[in-house]
Amino acid sequence: MQEKIVVLGSNGQIGTELVTTLRKIYGDDHVVACDIRRPDYDIKNSAPFEFVNVLDKEMINGIFHKYRPTQVYLLAALLSATGEQNPKLAWDLNMNGLLNVLDLALEYKTAKVYWPSSIAVFGPNSPKDNTSQYCIMDPNTVYGISKLAGERWCEYYNQKYGLDVRSIRYPGLISWKAAPGGGTTDYAIHIFHDALKKGSYQSFLSAETELPMMYMDDAIRGTIELMDAPADQISVRSSYNFAGVSFTPEVLAAEIRKHIPDFTLSYAANDPRQQIANSWPRSIDDNYAAKDWGWKPEFDLSKLTIDMLNNLKK
Ligand code: VAH
């Protein structure tokens, strides 16, 4: 059957690249990009785009009615740092946006739904190293709380109503195409821009802050591999742990200096994002993803650094 894929939140850091990749696979007309803002990347005029506010259930109902999607990706969300500045909007968007989509997917019998979670679902008392799929989870950001609650709802709609909803706990994602959207891990993107522009960068996270990260190419490939996997191979219906490479700002700076020898890194003190980063794990065990669909990252720190610098230089 012909796929008709709707991507809600198509203009974000993930959505921008997911839409491009899905259109290469399924064809422009089979992927509808939806966002509350017109894309700042040059989408082809022919490719379908819709203005959508995911908090407006009637509006989303109109999209489901018009396109009868076979797959829906809900990427619209407020991330960790922005969410702390606007807790009620973050909870409303991240939670009610998801519940709107889960209900409509049931009503319109959508074959598959994708919703991103994050390593932000772990908290101060979660194990810090090689954090496992099942462990203590006490997130203390609105973003993390909303993602943990959302995972519970995804599993509930799968177990109670049979909805085929799939999810991945993304680490900090690094990419060059679309600007990052208010995350705590965004230093690992800005550092490349400043390294090329100014030869220096001031990190808002301290030198020894190690966080789980991943190159966007790996994240997009892994997401599509998950969505393509046979349903009976999916053993996790909350959200899969997912790992790329963990590093600190100091280690990343040393890698950048292999290409820009004079690059200097300084540190800003007392940034609120430091508290958020301190509550997250240093590294993640993604053995369930490896077992269930053969997940394996391709970008290590060296390859990620080369790709970022080469593309940003263009
Ligand atoms: C954030 N980039 O910083 C997101 C991500 C694990 C981090 O969820 O909020």
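Because the structure is a prediction, the values reported are computed rather than measured.

### What to know about the domain arrangement of the protein
You'll often see interface size given as the accessible area lost when the parts meet. Annotation of the protein at the domain level lists domain 1 (5–171 + 215–241) and domain 2 (173–213 + 245–313). Taking only C-alpha atoms into account, the centre of domain 1 sits 23 Å from that of domain 2. In this complex, domain 1 contributes 44 residues to the contact, which on the side of domain 2 involves 40 residues. Taken together, both faces of the contact between domain 1 and domain 2 bury some 3600 Å²; the carbon and sulfur share is 58%. Looking at the side of domain 1 facing domain 2, the largest losses of area belong to Gln 13, Lys 128 and Tyr 215, adding up to 24% of the total buried there. Linking domain 1 with domain 2 are 3 salt bridges.

### Description of the sheet that holds strand 12 (residues 240–241)
What the 3 strands build is an open sheet, ordered 6-8-12; its pairing is parallel. Only two strands of the sheet have a single neighbouring strand rather than two, namely strand 6 (117–118) and strand 12. In this fold helix 7 (residues 216–228) packs onto strand 8 (168–170) and strand 12, with an angle of close to 175 degrees to the strand it touches most, strand 8.

### Topic: the site of the ligand
Around the ligand, the neighbouring residues are Leu 79, Ser 80, Ser 118, Ile 119, Tyr 143, Tyr 170, Pro 171, Gly 172, Gly 183, Thr 184, Thr 185 and Trp 280. Thr 184 has a polar backbone atom sitting 2.7 Å from an oxygen atom of the ligand. The protein chains hide 95% of the 280 Å² of surface that the ligand would expose on its own. A per-class count over the shell around the ligand returns 6 nonpolar, 6 polar and no charged. Composition of the shell around the ligand by domain shows at least three residues from each of domain 1 (5–171 + 215–241) and domain 2 (173–213 + 245–313).

### Topic: the packing of helix 8 (residues 249–257) against helix 11 (residues 301–313)
Between helix 8 and helix 11, the least distance of the axes is 10 Å, while the angle of their chain directions is 60 degrees. Considered as vectors, helix 8 and helix 11 are oriented oblique to each other. Seen along the crossing, helix 8 lies across helix 11 with a hand that is right-handed. Across the interface between the two elements, Val 251, Leu 252, Glu 255 and Ile 256 from helix 8 touch Leu 301, Ser 302 and Thr 305 from helix 11. Classifying every residue of the contact of helix 8 with helix 11 by side-chain character gives 4 nonpolar, 2 polar and 1 charged.

### Some details on helix 8
Those residues of helix 8 lying buried are Pro 249, Leu 252, Ala 253, Glu 255 and Ile 256. The arc that holds every buried residue of helix 8, seen down its axis, measures 160 degrees, which confines them to one face.

### What to know about the pattern of salt bridges
Evaluation of the coordinates by the stated rule reveals 15 salt bridges. Salt-bridge contacts for Asp 164 lead to Arg 237; the nearest nitrogen and oxygen are separated by 2.6 Å. Of this pair, Asp 164 sits in the loop between helix 5 (142–161) and strand 7 (165–166) while Arg 237 sits in the loop between helix 7 and strand 12; the two residues are 73 residues apart in sequence, bridging distant segments of the chain. Residues Asp 164 and Arg 237 agree in their burial class; the two are buried. Here Arg 273 ties to Asp 271 by a salt bridge, and the two come within 2.7 Å at their closest N and O atoms. Here Arg 273 falls in the partly exposed class, since its relative accessible area comes to 24%. On the basis of relative accessibility, which here comes to 14%, the residue Asp 271 falls in the buried class.

### Quick notes on the sheet that holds strand 13 (residues 245–247)
Taken in spatial order, the 3 strands make up an open sheet running 9-11-13, and their pairing is mixed. Looking along the sheet, the strands with just one partner apiece sit at the ends: strand 9 (172–174) and strand 13. Between one strand and the next, the sheet's axes are offset by a mean angle of 40 degrees, whatever the strand orientation. Direction of pairing for strand 9 relative to strand 11 (residues 211–215): parallel, over a ladder of 3 bridges. Bridge pairing links Ile 174 to Tyr 215 in strand 11. Each of strand 9 and strand 11 is contacted by helix 7, which is oriented at about 80 degrees to strand 11, the strand it contacts most.

What counts and how
Residues numbered from 1 in each chain as written. Predicted model: local features only at pLDDT ≥ 70, side-chain atom pairs only at ≥ 80, totals over all residues. Heavy atoms only, no water. Domains from an automatic or database assignment. Contact = heavy atoms within 4.5 Å. Buried area = accessible area lost by both parts, 1.4 Å probe. Salt bridge = Lys/Arg side-chain N within 4 Å of Asp/Glu carboxyl O. Pairing = 2+ DSSP bridges. Helix = DSSP H or I, 4+ residues; strand = E, 2+ residues; numbered from the N terminus. Axes fitted to C-alpha atoms, helices over the stretch in contact; angles between N-to-C directions. Near = heavy atom within 4 Å. Polar contact = N/O pair within 3.5 Å; in protein donor to acceptor, adjacent residues only side chain to side chain. Areas by Shrake-Rupley, 256 points an atom, 1.4 Å probe, with all protein chains shown as cover. Nonpolar A, V, L, I, M, F, W, Y, C, P; charged D, E, K, R; others polar. Parallel < 35°, antiparallel > 145°, perpendicular 65-115°, else oblique. Left-handed = near helix turned anticlockwise from the far one by under 90°. Buried < 20%, exposed > 50% of the residue type's maximum accessible area, 1.4 Å probe, protein only. Arc of directions from axis to C-beta.

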